[in-house]
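Each chain, written out:
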Amino acid sequence: MAPEPRPAVDEAEEVRADERLDPERLRPFLASALPDASGPVTVLQFRKGHSNLTYLVRVGEREAVLRRAPFGTKVKHAHDMRREFQLLSALQGVYARAPRPIAFCDDEGVLGATFYLMERVRGIVLRGDGSSSGLHLSPALLRATSTALVDNLAELHSVPLAGPIAALGRPEGYVTRQVKGWTERWAAARTDDVHDVEEAAAWLAASLPRESGGALIHNDYKYDNVVLDPGDPARVVAVLDWEMATLGDPLMDLGIALGYWIDPDDPEDMRVRPPGPTFLPGNLSRREVVERYAERAGRRVPEPLFYYVFALFRAAVIYQQIYKRWVEG
């Protein structure tokens, strides 16, 4: 009888050559941030992310996670380490699945950019088709896990908008601003005429729904941005990558999650580099995601198609921005 597969805790790897950090330059900061740690300083990298750079720092046996902006980035507001650190600080005691921040460094002379340390949350991250997780992704497990993802999103949207969290953004008019802003980004990044994208932008502008209220929203919520409990993979223990979090319409956040959610009967080309195994048997369907969210959040979702189309439109603009950089060398 074959042994049961063992869950694979998400691990760091060797640092990419062009993203290396000097451990010795970190040592004075680490001595202050982790005064109870001693021993050699080593740095590895969580290489699967595509936004801010994330490293595993060890001082002897003590581990912490370091986050900094990508090298050479010019988009400062999208990689604001201070804002991300302050958000995680504000969520302590309010939302249990936010990793605990440890210390912030505003001295760019240390690593060439501001950065911060946070606790390491050990667990499973389901990426792609989930095959690297070491889990037997049975329909029963995926049903439970996908349901937990939706329930956690509803819980996140119930975080009280008070104190520092209240200063994160301006929820009024959020939907209109998002449609207008991403349409402008599309125009700025356009290299060719793509009728489908133009049509989607026009449809979104003409189909704006009534706003559903304000909430803390993650803005990039998907399988590979949550950490699951190795002992109970149907339990979310942490949410990662908070750099796009803000205050806005929670149904837009649901829509972003739907944009990453691939159903098994979707066209094959939608499964290219999936952000999670949502297309495997057992997962909630997109329709069931909406129904479960409405039940758990106590919110009506009268026009789910609008939020889903917006998510796909936003993704298309991001891909086009990357393509334009390639076209321009």
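Scroll up for the structure.
This structure is a prediction, so every number in the text was calculated from the model and none was measured. Residue positions are given per chain, counting from 1 as you read along its sequence in written order. Whole-chain, interface and lining totals are the exception, using all residues; otherwise, since this is a predicted model, local features are given only for residues with pLDDT of at least 70 and side-chain atom pairs are given and counted only at 80 or more. Remark: hydrogens and water are excluded; side-chain values derive from all non-hydrogen atoms of the structure.

If you look at the biggest cluster of nonpolar residues, it comprises 70 residues, and the most contacted ones within it are Leu91, Tyr95, Leu216, Trp242, Leu254, Tyr293 and Phe313. For this core, the leading source of residues is helix α4 (residues 139-156), giving eight residues. Here, residues are in contact when the closest pair of their heavy atoms is within 4.5 Å. Look past the residues within four positions of Leu216 in its chain and what remains in contact with it is Leu87, Leu91, Leu156, His157, Val159, Leu161, Leu168, Thr246 and Leu247. In these notes, a set of buried Ala, Val, Leu, Ile, Met, Phe, Trp, Tyr and Cys residues joined through side-chain atoms within 4.5 Å is what counts as a nonpolar core. Only protein chains enter the accessibility calculation, which uses a 1.4 Å probe; a residue is then buried when its area is under 20% of its type maximum, exposed when over 50%, and partly exposed in between. Counting residues in each nonpolar core, the second largest holds 22 residues, with Ala33, Leu34, Leu53 and Val57 among its members. Put simply, DSSP H or I for four residues or longer makes a helix, DSSP E for two residues or longer makes a strand, and each gets a number counted from the N terminus.

The next thing to look at is the packing of aromatic side chains. Note on aromatic contacts: the rings of Phe and Tyr and the six-membered ring of Trp form a pair at centre separations within 6.5 Å, being stacked when their planes are under 30 degrees apart, edge-to-face when over 60 apart, and tilted otherwise. Applying the stated criterion across every chain yields a total of eight aromatic pairs. Centre to centre, the rings of Tyr223 and Trp261 are 6.0 Å apart; their planes meet at 20 degrees, and the pair counts as stacked. Here Tyr223 is found in the loop between β6 (215-217) and β7 (226-229), whereas its partner Trp261 is found in the loop between α7 (250-260) and α8 (286-297), with 38 residues between them in sequence. Both residues of the pair, Tyr223 and Trp261, belong to the buried class. Relative to Trp326, the ring of Tyr323 lies with its centre 5.9 Å away and its plane at 25 degrees, an arrangement referred to as stacked. Here Tyr323 pairs with Trp326, and both are found in helix α9 (residues 304-327), just three residues apart, close to one helical turn. Through successive ring pairs, a cluster of aromatic residues spans Phe85, Phe104 and Tyr116. Positioned over the ring face of Trp182 is Arg185, at 4.4 Å from the centre of the ring. Two conditions define a charge located above a ring, namely a distance within 6 Å from the ring centre to NZ of Lys or CZ of Arg, and an angle within 35 degrees of the ring normal. When the ring centre of Tyr260 is taken as reference, the NZ or CZ atom of Lys222 above it lies at 4.6 Å.

Every helix has an expected span of 1.5 Å times one less than the residues it contains. With 24 residues, α9 extends 35 Å from end C-alpha to end C-alpha; this agrees with the ideal 34 Å at 1.5 Å per step. Phe306, Tyr307, Tyr308, Phe310, Ala311, Phe313, Arg314, Val317 and Gln320 are the residues of α9 that are buried. Just downstream of α9, Gly329 is the residue with a positive phi angle, here 85 degrees.

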